[in-house]
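Each chain is listed here by its residues.
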Amino acid sequence: MTESPATEPANGEACHRAKNGLRLERNGLLKSLHRCGEQQQQQPGHHRRHPEEEEEEESEDASHHGCLYSRPFLESFEETPMLVAVLTYMGYGILTIFGYLRDFLRHWKIERCHIAREKEEQRDFVPLYQDFENFYTRNLYMRIRDNWNRPICSVPGAKMDLLERASHDYNWTFEYTGRVVQDVINLGSYNYLGFAENSGLCADSAAEVTMKFGVGVASTRQEIGNLDQHEQMEKLVAKFLGVESAMAFGMGFATNSMNIPALAGKGCLILSDELNHASLVLGARLSGSTIRVFKHNNMQSLEKLLREAIVHGQPRTHRPWKKILIVVEGIYSMEGSIVRLPEVIALKKRYRAYLYLDEAHSIGALGSRGRGVVDYFGLDPCDVDVMMGTFTKSFGAAGGYIAGKKELIEYLRCHSHSAVYATSMSPPVVEQIITSMKCIMGEDGTTIGCDRVRQLAENTVYFRKRLREMGFIIYGNKDSPVVPMMLYMPAKIGAFGREMLKRNIGVVVVGFPATPIIESRARFCISAAHTKDMLDRALGVISEVGDLLQLKYSRHRIQPSLSRPFDDNVYEDIDD
């Protein structure tokens with residue numbers, strides 16, 4: 001497991017082996033930024049400590065000291081066991097061979113093909129459906145398709161109800177059985193603070209606004225679709241984030257894909273994290289800017305690209321770039337990692353670049369006040385040029401926002417395609433956002449919002465700790481409510497999802513091409529609405545299914561201690 005403390009040296013020095021047997025690898029931290037000063041020299045009156053004690057203290061100090069981080073920053077990405085990697089590649093190889101065999105049978109009409117294809121009379125046309133590009137879909141994805149698109153028939157809260165469905169043609173089509181699977185523990189929805197509910201203050205306020213304004217606005221903001229509710233919401237968002245102004249959009253995906261082209265264009269350079277969301281990637285491509293990708297959360301890689309951009313300028317002409325835009329996320333939804341924002345801001349200031357921060361998953365879910373990753377690190381919101389986030393997760397609503405300086409927002413009101421052409425947000429959705437945000441801020445006169453933020457943090461730490469104690473390989477930051485658990489082998493993707501549902505636990509499983517081919521995983525999303533009993537029930541089922549499918553791959557299993565508080569440095573080395 002790679003523990004990546006915030007201030008670990010990244011200058012190519014030999015990596016130390018900690019007492020617990022974990023290798024502290026280079027994490028891409030910038031050498032010139034990782035410390036304000038060297039450690040103080042040993043005082044004359046102090047005795048010389050044992051090397052193991054010095055090594056332990058060095059590991060601890062690396063996490064706690066430094067000028068950029070005011071708190072420990074620990075992320076774990078345990079290396080894939082060699083045997084598991086080999087078996088995973090073999091599994092995909094076998095599936096591919098049988099896929100070609102089945103394609104051969106379909107070509108000669110020995111086996112029926114359900115995939116979309118051209119009619120016989122259109123055979124001479126340019127193909128509308130790329131046959132080979134659908135190879136993975138028809139031969140691999142279809143075998144486990146029943147794990148996705150499951151219809152729910154209740155509020156996606158801590159528990160939910162599912163419509164049962166069955167397939168008689170190997171998942172090409174489904175039919176409903178009429179049975180409802182009730183009280184399924186929901187570990188898949190982005191309901192971080194539990195505001196996706198049909199009762200309570202938020203639901204009552206949204207219902208009241210629906211009776212007054214209706215459901216739709218039937219116009220854009222620039223015409224006659226600008227309600228006083230929209231103005232109130234945007235002022236509240238700016239206050240919540242601690243910035244001058246904010247602007248809301250009806251769709252989170254479009255907030256990225258339609259606003260980045262308004263901020264960057266030809267002659268501009270976009271530096272994008274390699275694991276950025278598809279909406280950020282699409283927005284960057286639509287902008288027409290030059291795009292360069294840096295390694296995930298790797299500050300050495302980012303600084304190298306910044307230096308090259310400053311020194312060499314644009315290709316061929318070598319003119320200076322019109323602007324350089326760094327694009328990162330707060331929490332990466334597939335890795336569960338948190339952006340190294342203090343270092344990104346330091347680099348951004350040093351090289352005079354702009355920073356675009358996507359807080360879709362982190363807003364409401366991180367920070368003592370629920371203000372996202374900026375609050376989590378105790379930074380100044382003014383240091384982020386463009387703050388983006390969505391209302392679809394922590395707020396239980398829909399849409400997204402862009403926040404920052406007033407000049408930025410006024411510019412986007414005129415130049416953003418999403419602002420000019422899109423229909424205004426629905427009034428009950430706006431009211432849901434206003435009410436939940438006031439609840440988080442404490443403006444409703446209660447401590448419900450603060451309690452939920454604290455409960456989410458406690459649930460996250462507890463759930464991650466227990467999974468690691470069981471021996472699963474868990475990715476991401478210790479404070480991230482997105483918890484990826486590695487499955488690896490393609491056959492275990494479908495098996496894990498089905499076995500969990502049999503035991504009334506709803507989970508999300510993810511595989512290639514959404515992840516690297518050998519890094520298939522289950523992704524749990526923790527909520528403040530989850531009680532300890534729910535989490536314990538889910539953890540028991542996960543352990544049971546993990547034993548059944550042999551998913552406990554970790555070679556560094558934490559030993560639980562009942563006699564003293566949990567200690568992150570207690571590990572047991574497990575032989576392969």
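Overview of the structure.

Conventions and cut-offs
For every chain, the first residue of the written sequence is number 1, and numbering continues from 1 along that sequence. Predicted model: local features are reported for residues with pLDDT of at least 70 only, side-chain atom pairs are reported and counted for 80 or more only, and whole-chain, interface and lining totals are derived from all residues. The side-chain numbers reported here are obtained from all heavy atoms of the structure, hydrogens and water having been left aside. Note on method: axes are straight lines fitted to C-alpha atoms, helices fitted across the in-contact stretch only, with angles between N-to-C directions ranging 0 to 180 degrees. The secondary structure listing takes helices from DSSP runs of H or I that are at least 4 residues long and strands from runs of E that are at least 2 residues long, numbered from the N terminus. Angular relationships are summarised with four words: roughly parallel below 35 degrees, roughly antiparallel beyond 145, roughly perpendicular across 65 to 115, and oblique for the angles in between. Crossing handedness is defined as follows: a turn of the near helix away from the far one that is anticlockwise and smaller than a right angle gives a left-handed crossing, while the clockwise case is right-handed. Only heavy atoms matter for contacts: two residues are in contact if any of them lie within 4.5 Å across the pair. Residues are grouped as follows: Ala, Val, Leu, Ile, Met, Phe, Trp, Tyr, Cys and Pro are nonpolar; Asp, Glu, Lys and Arg are charged; all remaining types, including Gly, are polar. Categorising residues by exposure relies on relative accessible area from a 1.4 Å probe, with only protein chains included: less than 20% of the type maximum marks a residue as buried, more than 50% marks it as exposed, and the intermediate range marks it as partly exposed. Paired rings are identified among Phe, Tyr and Trp, the last through its six-membered ring, by centres lying within 6.5 Å, and are further divided according to the angle between planes into stacked (under 30 degrees), edge-to-face (over 60) and tilted (the rest). Both a distance and an angle decide whether a charge sits over a ring: NZ of Lys or CZ of Arg must be within 6 Å of the ring centre and within 35 degrees of the ring normal. Lys and Arg are tallied as positive, Asp and Glu as negative. Neither His nor the chain termini are counted. By definition, a salt bridge exists where a carboxyl oxygen of Asp or Glu is found within 4 Å of a side-chain nitrogen of Lys or Arg. Here a polar contact means two N or O atoms within 3.5 Å. Within protein one must be a hydrogen donor candidate and the other an acceptor candidate, and residues neighboring in sequence count only if both atoms are side-chain atoms. Strands are labelled as partners when DSSP assigns at least two bridges between them. The handedness of a crossover follows from its direction of travel: if, with the strands pointing away from the viewer, the path from the first strand over the helix to the second runs clockwise, the crossover is right-handed. Expected span of a helix: the number of residues minus one, times 1.5 Å.

## A look at the packing of helix α6 (residues 252–263) against helix α7 (residues 278–287)
Where α6 contacts α7, the axes come no closer than 7 Å and their chain directions differ by 25°. If you check the angle between α6 and α7, you find them roughly parallel. Read as a crossing pair, α6 and α7 show a hand that is right-handed. Only A278, S279, L280, L282, G283, A284, L286 and S287 of α7 make contact with α6, whose side of the interface consists of F253, N256, S257, M258, I260 and P261. Split by residue class, the contact of α6 with α7 holds nine nonpolar, five polar and no charged.

## Details of the environment of V384
Within the secondary structure, V384 is located in the loop between α10 (373–377) and β9 (386–390). Classification of V384 by relative accessible area gives buried; the value is 3%.

## What to know about the packing of aromatic side chains
Considering all chains together, one arrives at 15 aromatic pairs under this definition. Pairing F391 with F395 gives two aromatic rings, centres 5.8 Å apart and planes at 70°, and the pair type is edge-to-face. No difference in accessibility class separates F391 from F395, as the two residues are buried. An aromatic cluster is defined as three or more aromatic residues linked by ring pairs; in this entry it consists of Y69, F73, Y376 and F377. Over the aromatic face of F195 sits the side chain of R452, whose NZ or CZ is 4.5 Å from the ring centroid.

## So, the side chain of E78
Take E78: it is sitting in the loop between β1 (75–76) and α2 (82–107). We note that E78 is buried and unpaired, the nearest opposite charge coming from R555 at a distance of 4.0 Å. A polar contact is formed between the side chain of E78 and the side chain of S554, at a distance of 2.9 Å. Here the side chain of E78 touches R555 through a polar contact of 3.0 Å, landing on its backbone nitrogen.

## Remarks on the pairing of strand β6 (residues 290–294)
Taken together, the five bridges between strand β5 (residues 269–273) and β6 define a ladder with parallel strand orientation. Across the sheet, the residue bridging to L271 is R292, located in β6. Handedness of the β5-α7-β6 crossover: right-handed.

## Overview of helix α5 (residues 228–241)
Look at α5: 20 Å from first C-alpha to last across 14 residues, which is about the 20 Å you get at 1.5 Å a residue. Within α5, the full set of buried residues consists of Q229, H230, M233, E234, L236, V237, A238, F240 and L241. Buried positions along α5 lie against α4 (201–213), β4 (245–249), β9, β10 (400–404), α11 (406–415) and α13 (427–441). Among the residues trailing α5, G242 stands out with phi positive, at a value near 80°.

## Thoughts on the sheet that holds strand β15 (residues 520–525)
Across the sheet, which stays open at both edges, the three strands sit in the order β12-β15-β14 with antiparallel pairing between neighbours. Each edge of the sheet is formed by a strand with only one pairing partner; in this case those strands are β12 (482–488) and β14 (508–510). Pairwise comparison of adjacent strand axes, ignoring direction, gives a mean angle of 25° for this sheet. Bridge count between β12 and β15: six bridges; the pairing is antiparallel. Note that in β15 the partner of V482 across the bridge is C525.

## Topic: unusual backbone geometry
Note that the residue after F512, namely P513, is joined by a cis bond; omega there is 10°. Its identity as a non-glycine residue notwithstanding, R316 has a phi of 70°, on the positive side. Secondary-structure assignment places R316 in the loop between α8 (299–312) and β7 (324–329). Taking the relative accessible area as the measure of exposure, R316 reaches 80% and is therefore exposed. If you check the backbone angles, Y488 has positive phi at about 70° while not being a glycine. The topology assignment puts Y488 in strand β12. A relative accessible area of 0% places Y488 in the buried class.

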